[in-house]
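What the coordinates show
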Amino acid sequence: MGRGKLRIYLGAAPGVGKTYAMLSEAHRRVERGGDCVVAFVEHHDRPRTEVMLHGLEQVPRREIDYRGSVFTEMDVDAVLARRPAVALVDELAHTNVPGSRNAKRWQDVEELLAAGIDVVSTVNIQHLESLGDVVESITGVRQRETVPDEVVRRADQIELVDMSPPALRRRMAHGNIYKPDKVDAALSNYFRPGNLTALRELALLWVADRVDEYLTEYRSEHRVSKIWGSRERIVVGLTGGPEGRTLIRRAVRLAEKGAGGEVLAVYIARSDGLSSASPKELALQRTLIEDLGGTFHHVVGEDIPAALLDFARGVNATQIVLGSSRRKTWQYVFGPGVGATVARDSGPDLDVHIVTHEEVAKGRGLPVTRSARLGRARIIWGWLVGVGGPVVVAVLLNTVHLGLANDMLLFLALTVAAALLGGLLPALASAAFGSFLLNYFYTPPLHRLTIADPKNIIALAIFVGVAVSVASVVDLAARRTHQAARLRAESEILSFLAGSVLRGETSLEALLERVRETFGMESVALLERASDVEPWTCAGSVGTSPLIERPEDADVDMPVGDHMALALSGRVLPASDRRVLAAFAAQAAVVLDRRRLQHEADQARTLAEGNRIRTALLAAVSHDLRTPLAGIKAAVSSLRSDDVSWSQEDQAELLEGIEDGADRLDHLVGNLLDMSRLQTGTVSPLIREIDLDEVVPMALGGVPEDSVDLEIPETLPMVAVDPGLLERSVANLVENAVKYSPADEQVLVAASAMADRVEVRVVDRGPGVPDEAKDRIFAPFQRHGDAPRGAGVGLGLAVARGFAEAMGGTLDAEDTPGGGLTMVLTLRAAGSRPDLATAAAAPAPVAPAERHPAC
C-alpha cells in the first residue's frame, strides 16, 4: 500500500474561492466515476459553496464536548473505515478542539495519506508558519493557526486560487464571504486594498519559488545543461577587487527590473596565480550582496571562464555581469581576458554584461604568465614545436647554411620554446631530435651519424646538456608556480572557512552546500554511526540523491574520526584536493557537535527553569499554603473544643477566619494550577466575541465593593477573547492593585478603543514600580520590594500576562501620572481578525503549540 497524494488549493486571503474550487474538482472526479467523499468542508454559510456540497457523499463528523459546548471535527476513524480513493479536507491549518485525535488538522491529513488515501485540501498563504512575521507586518494581525511549510511543500500538487483585490472586495461587499454585519469592519481592516495586494504578491512569489524548486529538481534528474530562462537569475563574477561592489549594485538594479529576479555573486579561486583577492574586500562584498537579498558563492576552478560559465548554467542563470578588464593594453598579448572569453563562449541563451568601473585599465601588478599549470593545448603545441620545429629549421638551413654554431643556437631556441610551451618531455624530445639532425646534416662527415672532429662532439654534448638543463628548469618553475597557486587557492578556502567559524555560522546544510559548490560535486552527505557494528545514519545532506547508506560507496570518502565520514558523489577528487576537503570535514563535525551542544544547552536551560519553578512551588507550599491551613486548623480545633464555651460573636469570627483562609487557599491553588498550565503549554483559549461589561464586573467579586471605580463606555466595541481567561486576568490585576493602593484611594478600571484594539487599564495610586523592575514583576514567583511572604506566591501578574498572550493580547506596566502603577491589558477588537469573526457561531480553540511550533 503506497502513500496517498496531497493536492492543495492555495489562496492569498479568505474568500478567493479555494473551497469552491476544491468542491468543483470533487464533482469532476465523481462524474468520471471516482470514489470521492467530503471528510470535512466548512461552507461558512456561503450559499454558493453550500450548494456545491449537494451530490457529494459526506462522512459524518465527530462531536466533541468542550467546556459545556459541543463542537464538530473530522472523524478520522470514520474516514479510514470508509477508505475512499479521495477525501476532501478543508482548512489544513485548522486547530482541532481539545480531545480530538490530533492537535492539528494537517496531522489528521498525514494519517489519511499514510493510509493510502488521496487528500484534496485548502490553505491560505497567511497560515504558512514561515510567513507569520511577514503577514503580521502587512496586516497587523498575528496568525495563530499555522501549518509548517514543509507540510505544504511536500504536496504533490499545489494550485494557486487567485483573485484581484478589487474583485475580492466586490465579493465581500455583495455579502458572498461574510455576513452583512461583518462586511464594513472587514473592508476597513483586513481586506484593505493594500493588504490584499501584498498578500497576493506573497502568494504568487511563494508558488513561484515552489515551481522553481520543481524545475531545478527536474533539470538535475534529467541532466539538462541548457539554460531555461524561466526567471531572471543574474550571476555576478567577482575578482576580489574594489570594482566588485559596483558590479553587485548594477546586477541588483537589473534584477529589480523584472519580477522575481535573483542575484548570485560568485568568486572563483583561481589556481593559476593570476588573482590577488583581498579577504577584507571579499568580506565586504559578501555582506553587501546578502544585505541586498542575494547570495554569495565561493568556487575553485582551474579555468576561470569555464568555471564561471559552468556555475551560471548550473544555477540556470540568464545573465552574467562582469567588470571591464583591469589589465593594461600590452597585457592583452597574452590572451583576450576573462570577460571576452565568457562573452564568446556564453552561447545564445546567456547574456553577458560588461560593466565599466573606476579600476579599468589600471593594471593588476600580476605576473604575465598565461597559465602556471600546463593545459592540454599547450602540451600539444609543445610537442609540435619540439618535434616539428627541428624539421622545419633543418629544411630552411639546407638552403642557407649559417655555420654549426648558429645552427646549434637555432635548435636550442626550439628546445627552450618546447620547454616553455609543453614542459619537460617535449623539450627532451626536441633536444634529442635536434642533436640527431645537427649530427646528420651539419656535422662532418655529412649525412652520416659519425663525427670526425672531436670539437663537434663537445659542441653537441654541450648542446644536449644545455637543452636538458633549460627544459628541467622551466618545468620545475612551472611546477613550483602551480604548487604556489594551488596553496594560495587552498589558503583562500581555509581563510573563508575560518571566517565562517568566527562569524558563528552553525548551519550544517550551508557548510555542506559550500563543500558541494567548492569541489563541483552533485551531492554531499555527513554520515555517522555509534560504533563499528552499527549502521550509518545521515546527519545532514545536500544535493541530488545524496548517498546516505555507506561512505564506501561514494566517489569520495573522507573519514572524520572513528565513526563519522563525509561522502561526496559526482566525481573522483585528486589527492591534492583532499587536504582542503579534510578541513571541511573537520569543520562539519564541529558544526554538528556545536548544534548538538546547543540543543543540550537548551534542554538544560529548560530543566533548570523547571527546577526553579519546582523549587519555588515547594517554597510556596511550605509557607504560603501552610499559613492559611494553620489558621483554618486552629479555628476548627477551637470550635470543636469542649473546654471553652464560645459566644456567637466568637464563633462568627472563627468561621469568618476559616472562610478567609479557604478563600486564600482557593486563590493560591488556582494561581498555581494556572501557572502550571502556562508552563506546560496546555492553555487552550476558546475565542469568541463578547462585551467587556459582561466579563469585567464579574472579575471584581474578590475585592471590596467600594475599592474599585469601573468605567466601561457603552459604545465600546466587542472583543475577541476567552471570557474565562479574561476574567481571571482582570481579577488578578485588580486584586494586585487593591493590595498596594492606599486605603482611601480607589482603583480605576477603565476601557477604551484604539484602532483594532481595546485597552483595559487598571490604575492604582500605590508606591509604583521602578522602570528596571517592570518586566521582572511578571516573572513567576516574584515579589517586588519588601512585600511580605503572606502577600502571595508572586504568580498573579505572571498568570495574567500568560492568559493575555494566549488570547492574542498583551499586558504591560506603566507609571501612573502623579504616582502609582497602571496595568495596560490590550485585547483584539471583534472584526480585527476576519478568520475569527466568521467563526463566531462555531468558534475554534487555539492551542498554545501554535505560539511555539515544533517540527
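Check the entry above for the structure.
Residues numbered from 1 in each chain as written. Predicted model: local features only at pLDDT ≥ 70, side-chain atom pairs only at ≥ 80, totals over all residues. Heavy atoms only, no water.

Below, the discussion takes up the overall build of the protein. The helix and strand inventory of the protein stands at 24 helices and 24 strands. Of all 855 residues assigned to the protein, the portion counted as buried reaches 46%. In the protein, of all internal contacts separated by at least 6 residues, the share reaching a separation of at least 24 is 71%. (Helix = DSSP H or I, 4+ residues; strand = E, 2+ residues; numbered from the N terminus. Buried < 20%, exposed > 50% of the residue type's maximum accessible area, 1.4 Å probe, protein only. Contact = heavy atoms within 4.5 Å.)

This part covers the pattern of salt bridges. Tallied over the entire structure, the rule returns 25 salt bridges. For the salt bridge of Glu 110 with Arg 3, the shortest nitrogen-to-oxygen distance reads 2.9 Å. Residue Glu 110 is located in helix α4 (residues 105-114), and its partner Arg 3 is located in the segment before β1 (6-11); the two are separated by 107 residues in the primary sequence. Judged by relative accessible area, which is 48%, Arg 3 ranks as partly exposed. Linking Asp 162 and Arg 200 is a salt bridge whose minimum nitrogen-to-oxygen distance equals 2.8 Å. Of the two residues, Asp 162 sits in the loop between β8 (157-161) and α7 (165-173) while Arg 200 sits in helix α9 (residues 193-221), which places them 38 residues apart along the sequence. Classification of Asp 162 by relative accessible area gives partly exposed; the value is 37%. One network of salt bridges, with partners in common, ties together Arg 7, Glu 25, Arg 28, Arg 29 and Glu 159. (Salt bridge = Lys/Arg side-chain N within 4 Å of Asp/Glu carboxyl O.)

So, on to the side chain of Thr 826. Note that Thr 826 resides in strand β24 (residues 821-828). Its relative accessible area of 13% is what places Thr 826 among the buried residues. With residues up to four places along the chain from it excluded, the contact list for Thr 826 reads Arg 757, Val 758, Glu 759, Gly 809 and Thr 810.

Turning next to the nonpolar core. Counting 63 residues, the largest nonpolar core has Leu 88, Leu 112, Ile 125, Val 147, Phe 191 and Trp 206 as the members making the most contacts within it. Ranked by residues supplied to this core, first place goes to α9 with 6 residues. For Val 147, the contacting residues outside a window of four places in its chain are Leu 92, Ala 93, Trp 106, Val 123, His 127, Leu 128, Glu 129 and Val 152. (Core = buried A, V, L, I, M, F, W, Y, C linked by side-chain atoms within 4.5 Å.)

Once that is clear, we can look at helix α18 (residues 508-519). The end-to-end C-alpha separation of α18 is 17 Å, in line with the 16 Å expected for 12 residues at 1.5 Å each. Every buried residue of α18 is listed here: Leu 508, Leu 511, Leu 512, Arg 514, Val 515, Glu 517, Thr 518 and Phe 519. Looking one or two residues past α18, Gly 520 carries a phi angle of roughly 65°, positive in sign. (Expected span 1.5 Å × (residues − 1).)

This paragraph deals with the sheet that holds strand β22 (residues 757-763). Strand order across the open sheet formed by 5 strands is β19-β21-β22-β24-β23, with mixed pairing between neighbours. Edge strands, defined here as strands with exactly one partner in the open sheet, are β19 (708-711) and β23 (810-815). Each adjacent strand pair in this sheet contributes to an overall mean axis angle of 20°, direction not counted. Across 7 bridges, strand β21 (residues 747-754) lies against β22 in antiparallel orientation. By the bridge assignment, Leu 748 is partnered in β22 with Val 763. Here helix α22 (residues 723-740) sits on the sheet in contact with β19, β21, β22, β23 and β24, set at roughly 170° to β24. Packed on one face of the sheet, helix α23 (residues 796-806) meets β23 and β24 and runs near 130° to β23. (Pairing = 2+ DSSP bridges. Axes fitted to C-alpha atoms, helices over the stretch in contact; angles between N-to-C directions.)

What follows deals with a positive patch on the surface. A contiguous patch of positive charge on the surface is contributed by Arg 249, Arg 250, Arg 253 and Lys 257. Residue position: Arg 250 is located in helix α10 (residues 244-256). (Patch = residues over 30% accessible without salt bridge, like charges linked within 9 Å, V, L, I, M, F, W, Y side chains within 5 Å. Areas by Shrake-Rupley, 256 points an atom, 1.4 Å probe, with all protein chains shown as cover. Lys, Arg positive; Asp, Glu negative; His and termini not counted. Charge placed at Lys NZ, Arg CZ, Asp CG, Glu CD.)

Every regular strand shows the same layout, with side chains that alternate between the two sheet faces. Of the two faces of strand β6 (residues 86-89), the one lined by Val 86 and Leu 88 and the one lined by Ala 87 and Val 89 are each fully buried. Bridge count for strand β2 (residues 36-40) against β6 is 4 bridges, and the pairing is parallel. Each residue of the ladder has a partner; that of Cys 36, found in β6, is Val 86. Note that β6 and strand β7 (residues 118-124) share 4 bridges and pair parallel. Bridge pairing in β7 links Leu 88 to Val 120. You can see the chain leave β6, run along α4 and come back into β7, and the turn it takes is right-handed. (Right-handed = clockwise from strand over helix to strand, strands pointing away.)

Packing of α22 against α23 brings their axes to within 9 Å, and their N-to-C directions diverge by 150°. With respect to each other, α22 and α23 are oriented roughly antiparallel. Handedness of the α22/α23 crossing: left-handed. For the pair α22 and α23, contact is made by Leu 725, Arg 728, Ser 729, Asn 732, Leu 733 and Asn 736 and by Gly 796, Leu 797, Val 799, Ala 800, Phe 803 and Ala 804, respectively. Its residues assigned to classes, the contact of α22 with α23 shows 7 nonpolar, 4 polar and 1 charged. (Parallel < 35°, antiparallel > 145°, perpendicular 65-115°, else oblique. Left-handed = near helix turned anticlockwise from the far one by under 90°. Nonpolar A, V, L, I, M, F, W, Y, C, P; charged D, E, K, R; others polar.)

So, about the sheet that holds strand β14 (residues 523-528). If you walk across this open sheet you meet the 4 strands as β15-β14-β17-β16, and the pairing is antiparallel. What marks the edges here is a single partner per strand, and that holds for β15 (537-543) and β16 (556-559). This sheet shows a mean twist of 15° between the axes of neighbouring strands, independent of strand direction. Both β14 and strand β17 (residues 564-569) contribute to a ladder of 6 bridges, which runs antiparallel. By the bridge assignment for β17, Ser 523 is matched with Ser 569. Sitting on the sheet, α18 touches β14, β15 and β17, and the angle it makes with β15 is about 55°.

The subject of this paragraph is the packing of aromatic side chains. Using the criterion set out here, one finds 1 aromatic pair in the structure. Considering the side-chain rings of Tyr 66 and Phe 71, the 6.4 Å spacing of their centres and the 55° angle between planes classify their relative orientation as tilted. Here Tyr 66 and Phe 71 have matching classes, each one buried. Here Arg 61 stacks its cationic end above the ring of Phe 40, 4.0 Å away from the centre of that ring. Against the face of Phe 40 rests Arg 105, its NZ or CZ located 3.8 Å from the ring centre. (Phe/Tyr/Trp six-rings, centres within 6.5 Å; stacked < 30°, edge-to-face > 60°. Lys NZ or Arg CZ within 6 Å of the ring centre and 35° of its normal.)

The next thing to look at is a nonpolar patch on the surface. Together, Ile 379, Trp 383, Val 387, Leu 425 and Leu 428 make up a nonpolar patch on the protein surface, roughly 410 Å² of accessible area in all. If you list the elements that add at least two residues to the nonpolar patch, you get α14 (376-399) and α16 (424-442). Among the elements that line the nonpolar patch, the one with the most residues is α14, at 3 residues. By the element assignment, Trp 383 lies in helix α14.

A few words on unusual backbone geometry. Residue Arg 83 is not a glycine yet carries a positive backbone phi of 50°. By secondary structure assignment, the location of Arg 83 is in the loop between α3 (76-82) and β6. Within the chain, Glu 91 stands out as a residue other than glycine whose phi angle is a positive 55°. Position of Glu 91 among the secondary structure elements: in the loop between β6 and α4.

A surface patch of like charges, here negative, comprises Glu 649, Asp 650, Glu 653, Glu 656, Glu 659, Asp 660, Asp 663 and Asp 666. Within the element layout of this structure, Asp 650 appears in helix α21 (residues 648-680).

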